[in-house]
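Overview (structure and organization)
If you want the building blocks of each chain, they are given just below.
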Amino acid sequence: MSQTRKKNSSNGETKPQISFVNKFLRGSKLRSSKAESRKESNDLKTTDVQPSDETPGATTLDAAKPLTSEMELGSRLEKNEQFLQKLGKKAVNKCLDLNNCRLSTADVEEMVALLPSLTDLETLDISWNDFVGGTLHSITEQMHLVNKLKSLRLGSCRLTTDDVQALGEALKVIPELEELNLSWNSKVGGNLPVILQNFQEGSKIRRLELVDCALTSADGVSVGQLLPMLQSLEVLDLSLNRSIGSSLNSIAEGLKRTSNLKVLKLHSCGLSQKSIKVLDAAFRYLGELRKLDLSCNKELGGGFEDSPAQLATLEHLEVLDLHRCSLTEGDVVWLTQVIPLLSNLQELDLSTNKHVGSSSENLLSRLRFLPALKSLLINNCALERETFTALAEASIHLPALEIFNLSWNKCVGGNLKLLLETLKLSMSLQVLRLSSCSLVTEDVALLASVIQTGHLAKLRKLDLSYNDSICDAGWALICQNLWLLKELAELDISLRPSTCRDCGQWFRHLLCAITKLPEMTEIGMKRWILPASQEKELECFDQHHRSSIRFYHDGFQ
């Protein structure tokens, strides 16, 4: 497969940035009295530079040694600036963000040397740096110097058991901590109590993320015991820990004491039918909940049928994600009663639940009672003609809809006309996905006419991939009218993996349209083979339109 890439050429000069370290040193206790008397207008300034291939030597500073002169302060600032410039980082007040910087062991040492100068640091993010693992103790030993820290992110750092223990001790000296992210560190599993035991009553933690940490059932019990102490907790993410389903009773009891919780994510946590009743009992205490994610718990199916429906009491709920939960017909009947009561719901994901397609006519027709709905994902639900008709009629009453995904529902093919009024009335639609919907030429002709009459003006992503029944005339109609979608950024018209076709003269219309779409960044044409006669036109296009467009196709005839 060929790929045409174009990159932005940067014009103009980079504006000077205030020294990163100086922003922290304002008011720092480490400054000498002479330095304190100087005006802030004399702050050092630096120009943002690109990362260098050269690696400065590791800086080692004695944290206990006071700054005795401006010369020493200046030397330290210069070394710190070199470290940040090497990593290509910009100055952000009170935030040291080294996320995914490929830190080496030497880089970690330099960062440790930097910490004594950053006494006002509030955010430290060193996520996605493998070499942090095994060296975290050198960082945690300096935590007492940054005791104003509010956010600590250590996701995917390959933390070891020793690192986890060192972190547990360090949490004692950062009482202002509000966010802790340890996601994607498997050694946290089985060792979580070492960390959690250092949270005290009245902890300020607002956000706790432990995604894919290989948490054990015992860890789940520890979380449940901890929750009553986290009265400020607003976000709890335990996703991708498949063993904690067995300790859900303990977690649910703890949730009853977290009345400020706004986000609860239990994606792929090994939940069962019984889990719904356990959680439902906690929902009545979570009046502030905005987002609930129970997705990818395949054993959950059938659990809603006999539930007391406390979910309906979550009057502030904005996001409900139940995709890939093996929902049964009984679950759909239950949801038919509950979902229309969630009047503030903005995002609903029911995708990849096959029984939704055959039993959700009443549920989908009642979506009209959700006027705030912005995102509706109902892809791969085996919709039938009757349920699709009900959905089409209800969607007319969703004026705020921005994302509409109907992909992998074959009944859409030949019936797109049912959505005609929705497409005409929609003033907010930004994403329309109709992949693998068995669309025919008449469907795309209708879509082209809607575009031609000035509708779908806000559309940014259009996915028509895997619809191999559309003939060249249909693709020509779409391409001729694409230029009217001024905000379109992504277009996918790829063919199925088992198919390969020569594209016709409509490709010339596509190239012409792209030149009039300033927001376009990506075009998917996988398994389309371009006419040899278009090769020069495409090369010319590459030369004259440097707009970061990624063009995926399968070469020339």
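See above for the structure.
Okay, so let's go over this structure. As the structure is a prediction and not an experimental result, all values here were calculated from the model. (Residues numbered from 1 in each chain as written. Predicted model: local features only at pLDDT ≥ 70, side-chain atom pairs only at ≥ 80, totals over all residues. Heavy atoms only, no water.)

Right, let's talk about the overall build of the protein chain for a bit. Assigned secondary structure in the protein chain consists of 19 helices and 22 strands. Counting every position in the protein chain, which comprises 557 residues, the buried fraction comes to 50%. Excluding contacts between residues fewer than 6 apart, the proportion of contacts in the protein chain whose partners are at least 24 apart in sequence is 87%. As displayed, the protein chain has an accessible area near 24800 Å², and 47% of this comes from carbon and sulfur atoms. (Helix = DSSP H or I, 4+ residues; strand = E, 2+ residues; numbered from the N terminus. Buried < 20%, exposed > 50% of the residue type's maximum accessible area, 1.4 Å probe, protein only. Contact = heavy atoms within 4.5 Å. Areas by Shrake-Rupley, 256 points an atom, 1.4 Å probe, with all protein chains shown as cover.)

Taken as a whole and judged by the stated rule, the model has 7 aromatic pairs. Pairing Phe 304 with Trp 334 gives two aromatic rings, centres 5.0 Å apart and planes at 35°, and the pair type is tilted. Here the residue Phe 304 occupies a position in the loop between β11 (291–293) and β12 (319–321), and Trp 334 occupies one in helix α11 (residues 329–338), the gap between them amounting to 30 residues. Taken together, the ring pairs connect Trp 475, Trp 506 and Trp 528 into an aromatic cluster. Here Lys 516 stacks its cationic end above the ring of Trp 483, 5.2 Å away from the centre of that ring. Cation over ring: Lys 526 sits above Tyr 552, and NZ or CZ is 5.9 Å from the ring centre. (Phe/Tyr/Trp six-rings, centres within 6.5 Å; stacked < 30°, edge-to-face > 60°. Lys NZ or Arg CZ within 6 Å of the ring centre and 35° of its normal.)

What follows deals with the packing of helix α17 (residues 472–481) against helix α18 (residues 506–514). Axis separation between α17 and α18 bottoms out at 8 Å; the angle between their running directions is 15°. Viewed along their axes, α17 and α18 adopt a mutual orientation that is roughly parallel. As α17 packs across α18, the resulting crossing turns out to be left-handed. Contacts between α17 and α18 involve Asp 472, Trp 475, Ala 476, Cys 479 and Gln 480 from the first element and Trp 506, His 509, Leu 510 and Ala 513 from the second. Per-class residue counts for the contact of α17 with α18 are 6 nonpolar, 2 polar and 1 charged. (Axes fitted to C-alpha atoms, helices over the stretch in contact; angles between N-to-C directions. Parallel < 35°, antiparallel > 145°, perpendicular 65-115°, else oblique. Left-handed = near helix turned anticlockwise from the far one by under 90°. Nonpolar A, V, L, I, M, F, W, Y, C, P; charged D, E, K, R; others polar.)

Look at Asn 380: it is not a glycine, yet its phi comes out positive at around 55°. With respect to the secondary-structure elements, Asn 380 resides in the loop between β14 (375–377) and α14 (385–395). Even without a glycine there, the phi angle at Trp 408 is positive, about 65°. Within the secondary structure, Trp 408 sits in the loop between β15 (403–405) and α15 (420–425).

The next subject is the side chain of Asp 163. One can find Asp 163 in helix α6 (residues 161–170). Although Asp 163 is buried, it forms no salt bridge, and the closest oppositely charged side chain is Lys 187 at an N-O distance of 10 Å. There is a polar contact of 3.3 Å between the side chain of Asp 163 and the backbone nitrogen of Leu 136. Setting aside its immediate chain neighbours within four residues, Asp 163 contacts Val 132, Gly 133, Gly 134, Thr 135, Leu 136, His 137 and Arg 158. (Lys, Arg positive; Asp, Glu negative; His and termini not counted. Salt bridge = Lys/Arg side-chain N within 4 Å of Asp/Glu carboxyl O. Polar contact = N/O pair within 3.5 Å; in protein donor to acceptor, adjacent residues only side chain to side chain.)

Here we come to the pattern of salt bridges. Summed over the entire model, instances satisfying the criterion amount to 17 salt bridges. Overlapping salt bridges bring together Glu 178, Arg 206, Glu 234 and Lys 262 as one network.

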